[in-house]
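# Overview (structure and organization)
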Amino acid sequence: MTLIEIERALKQLRLSGVRATLQTRVLEAQTNNQPFIETFALVLQDELDRRRSSLVERRYRMSGLDERASFNDFDWTFNTKLPRAACFELHTLQFIADGYNALLIGQPGTGKSHLAKAIAYQAILHGHRVSYLESDTVFARYALCSPGTREQLLKNLLDTDLVIIDDLFLAKHIPEAGAEFLQALIHARYKRHGSVVVTSNRVVQDWGAYLGDATMASTILDRLMHRSHLLEFEGRS
Ligand SMILES: Nc1ncnc2c1ncn2[C@@H]1O[C@H](COP(=O)(O)OP(=O)(O)OP(=O)(O)O)[C@@H](O)[C@H]1O
Ligand SMILES: [Mg+2]
């Protein structure tokens with residue numbers, strides 16, 4: 001085969017990682033008098049790396065995250081009252097394997113959303129499917145959806161490994177459809193042991209008032225908190 005024919009074959013086989021580096025690897029092998037098996041291993045690794053990073057990219061795009069937050073760009077010295085050990089525990093992602101939830105509750109501006117997004121991105125980097133929902137946006141969207149679309153939206157959220165519900169009750173009152181969505185989502189995730197991370201600056205005691213339904217609030221909270229880590233955020237913001 002000529003190089004052009006090899007390129008064509010790689011394209012046909014969808015080996016874009018090999019295609020991207022082949023010329024470099026050939027040159028490298030010639031220059032270093034490299035044994036075939038070594039070159040072959042490098043070429044295979046190039047393909048694996050390429051597939052891994054395109055999977056991460058795809059999962060990131062599908063997650064709905066608006067930024068790639070990380071623990072590295074978080075200043076842990078700014079507010080020493082944060083539950084740092086518990087945050088790092090979540091960052092290990094063991095809670096996803098265990099089917100646990102996490103509630104990050106506390107004062108505005110203390111970094112709850114930042115850390116939830118960082119955990120979400122870490123999960124994506126480790127091959128998980130993640131759905132990031134900004135509460136008010138998703139509630140409003142759900143309220144406008146047809147019944148069929150609502151069902152599909154909920155179904156999609158069941159197939160992910162981690163759902164983030166960010167800034168819950170930022171608007172003090174959520175539309176009735178939003179409350180129904182929240183209940184349906186939490187109920188379905190609970191049945192499947194699918195992890196949910198919620199951030200909110202509203203204490204859980206007030207959730208009934210925001211939902212306009214105390215019974216619904218306790219049903220949601222019971223399920224969320226049954227297998228759950230509760231992280232309280234206080235101190236400087
Ligand atoms: N300790 C910190 N180090 C670096 N950046 C921080 C820190 N705390 C907060 N921030 C930044 O400050 C902004 C506000 O933080 P964030 O949105 O995470 O707070 P929050 O606790 O979710 O607040 P709210 O309850 O209002 O939603 C973000 O841009 C975040 O990245
Ligand atoms: Mg927030």
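Just above, that's the structure.
All of these numbers come straight from a predicted model, not from anything done at the bench.

## Thoughts on the coordination of the magnesium ion (ligand 2)
Under ideal tetrahedral coordination, the four donors around a metal are separated by 109.5 degrees; under ideal octahedral coordination, the six donors are separated by 90 or 180 degrees. The protein atoms that coordinate the magnesium ion (ligand 2) are Ser113 (OG) and Asp167 (OD), at distances spanning 2.0 Å. Taken as a pair, Ser113 in helix 6 (residues 112-125) and Asp167 in the loop between strand 3 (162-166) and helix 9 (176-192) lie far apart in primary sequence, 54 residues in all. Classification of Ser113 as buried rests on a relative accessible area of 19%.

## What about the site of ligand 1?
Neighbouring residues of ligand 1: 13 residues in total, closest Asp75, Gly109, Lys112, His114 and Asp167. Within the side chain of Lys112, one N or O atom sits 2.7 Å away from an oxygen atom of ligand 1. In this structure, an oxygen atom belonging to ligand 1 sits 2.7 Å away from a side-chain N or O atom of Asp167. Relative to its free-state accessible area of 630 Å², ligand 1 is covered by the protein chains to the extent of 66%. Its residues assigned to classes, the shell around ligand 1 shows two nonpolar, seven polar and four charged.

## A closer look at the pairing of strand 4 (residues 195-200)
Counting buried residues in strand 4 gives six out of six residues, a clear majority hidden from the surface. Side chains of strand 4 alternate between two faces, with Ser195, Val197 and Thr199 and Val196, Val198 and Ser200 buried alike. Sheet analysis places strand 1 (residues 101-106) next to strand 4, joined by four bridges and oriented parallel. Following the sheet pairing, Leu103 is matched in strand 4 by Val198. Bridge count for strand 3 against strand 4 is four bridges, and the pairing is parallel. Along strand 4, the bridge assignment pairs Leu162 with Ser195. Once you follow strand 3 into helix 9 and on to strand 4, the crossover reads as right-handed.

Thresholds, definitions, all that
- Residues numbered from 1 in each chain as written.
- Chains lettered and ligands numbered in written order.
- Predicted model: local features only at pLDDT ≥ 70, side-chain atom pairs only at ≥ 80, totals over all residues.
- Heavy atoms only, no water.
- Donors = N, O, S within 2.8 Å, 3.2 Å for Na, K, Ca; no water.
- Helix = DSSP H or I, 4+ residues; strand = E, 2+ residues; numbered from the N terminus.
- Buried < 20%, exposed > 50% of the residue type's maximum accessible area, 1.4 Å probe, protein only.
- Near = heavy atom within 4 Å.
- Polar contact = N/O pair within 3.5 Å; in protein donor to acceptor, adjacent residues only side chain to side chain.
- Areas by Shrake-Rupley, 256 points an atom, 1.4 Å probe, with all protein chains shown as cover.
- Nonpolar A, V, L, I, M, F, W, Y, C, P; charged D, E, K, R; others polar.
- Pairing = 2+ DSSP bridges.
- Right-handed = clockwise from strand over helix to strand, strands pointing away.

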